[in-house]
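# Residue-level structural notes
Residues per chain, in single letters:
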Amino acid sequence: FLYIRDLPIMIRSLCNKNLQSNITIVIQSGAWDLNVGSIRRLLDKDRNQVNFDFNCNPIKHVVWVTSVPYPICHLDTNGYCRESRSYRTNSAISSLNQLYLNEILSRYHQMHVSIVDAYSITIPRLGFSEDNEVTCLLHYICRLEGNEGDEVVVVQTPGGNAVMQSVVNALSIFNINNHNR
C-alpha cells in the first residue's frame, strides 16, 4: 500500500526516468493515511503531505480514483473487519476524498485529470449486498495466489467491476480525444 505522503516520491521517480511522452497514470489514493491518524490530524499536522506534484513532461493524463468506502461489517464473525477499521469511518474517507480532489482540481489546469468516484460507485451497494461486494480482506478487487505454479486469479465484485469499467472509460475517452486532435 502507498501512503499519500509517498506519492510525490513515486511521481518524481517516474518523472526522472527517460520515458516516452504522453504517459497516463492511474492512482487510487486509498484511505491508508486514516489507518494511523484521524482526518483532523491529517488536516492539522500532516496537511503539507497532501502535495501532489504531477508537473513533469511525460505525464499528460492523471486518472484519480477516489478511495472506496469501508464495509459495514454486518457479517463480521471473527471481528477482523471492525478491528481493522482504525480511523477509517466512511465520513472520514469521504472527507479525505474531497480534500484530495480539491487539491488536485485547484492545481492542475494544464493537464487532463479524470476523476473516477469509486466511493460513490460502491457505497450504495453495501447496504443491500455487502456479502457480494467485499472480498478478500475488505477489498472490492484483489489478487488471489494459489500454490507455487498455480495461476493468479483476480477476484472482482460487482462494485469493483463497475469501478474498473469507469477507469477503462476514462482512459478510452482521453485516448479518443487526443487521437482526434
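Up top is the structure.
All of the points below concern the structure found in this document.

The rules we used
- Residues numbered from 1 in each chain as written.
- Predicted model: local features only at pLDDT ≥ 70, side-chain atom pairs only at ≥ 80, totals over all residues.
- Heavy atoms only, no water.
- Helix = DSSP H or I, 4+ residues; strand = E, 2+ residues; numbered from the N terminus.
- Buried < 20%, exposed > 50% of the residue type's maximum accessible area, 1.4 Å probe, protein only.
- Contact = heavy atoms within 4.5 Å.
- Phe/Tyr/Trp six-rings, centres within 6.5 Å; stacked < 30°, edge-to-face > 60°.
- Polar contact = N/O pair within 3.5 Å; in protein donor to acceptor, adjacent residues only side chain to side chain.
- Core = buried A, V, L, I, M, F, W, Y, C linked by side-chain atoms within 4.5 Å.
- Expected span 1.5 Å × (residues − 1).
- Pairing = 2+ DSSP bridges.
- Arc of directions from axis to C-beta.

The next subject is the overall build of the protein chain. Per the secondary structure count, the protein chain includes seven helices and five strands. Secondary structure elements of the protein chain occur, N-terminal to C-terminal, as α-β-α-α-β-α-α-β-α-β-β-α. Residue burial in the protein chain is summarised as follows: out of 181 residues, 39% are buried. Intrachain contacts of the protein chain at a sequence separation of at least 6 include 76% that bridge at least 24 residues.

Two numbers describe a pair of aromatic rings. These are the distance of the centres and the angle of the planes. Enumeration according to the criterion identifies one aromatic pair in this entry. Ring centres 6.1 Å apart and planes at 75 degrees place the aromatic pair W64 and Y100 in the edge-to-face group. Placement of W64 in strand β2 (residues 59-65) and of Y100 in helix α5 (residues 90-107) is noted, with a sequence separation of 36 residues between them. Each member of the pair, W64 as well as Y100, carries the same accessibility label: buried.

Once that is clear, we can look at the environment of T66. Locating T66 in the fold gives a position in the loop between β2 and α4 (80-83). Take T66: its relative accessible area is 0%, and that puts it in the buried class. Expressed as a C-alpha distance, the spacing of T66 and D117, which sit 51 residues apart in the sequence, is 5.2 Å. If we ignore the near neighbours within four places in the chain, the residues touching T66 are Q28, S29, N97, L101, V116, D117, A118 and Y119. Within the structure, the side chain of T66 is placed 3.1 Å from the backbone nitrogen of Y119, a separation counted as a polar contact.

One finds I11, I25, I59 and W64 to be the most contacted residues of the largest nonpolar core, which totals 27 residues. Counting residues in hydrophobic clusters, the runner-up holds seven residues, among them V63, V65, V116 and A118.

Here the focus is α5. Look at α5: 26 Å from first C-alpha to last across 18 residues, which is about the 26 Å you get at 1.5 Å a residue. Within α5, burial applies to A92, I93, L96, N97, L99, Y100, L101, E103 and I104.

All right, on to the pairing of strand β1 (residues 23-28) then. Here β1 shows one buried face, formed by I23, I25 and I27, and one open face, formed by T24, V26 and Q28. When β1 meets β2, the two strands line up parallel, connected through six bridges. In the sheet register, V26 faces β2, and the bridge partner there is V63.

Moving on: the side chain of H61. As for its position among the elements, H61 is in strand β2. At 3.4 Å, the side chain of H61 and the side chain of T24 are in polar contact. Sequence-distant contacts of H61, defined by excluding residues within four places in its chain, comprise I23, T24, I25, M111, H112, S114, A170, L171 and F174.

Within helix α1 (residues 7-16) the residues assigned to the buried category are L7, I11 and C15. Buried residues in α1, looked at end-on, bunch into an arc of 70 degrees, giving them a common side. Looking at α1, the residues exposed on the side facing more than 90 degrees away from the buried face are I9 and N16. On its buried face, α1 sits against β1 and β2.

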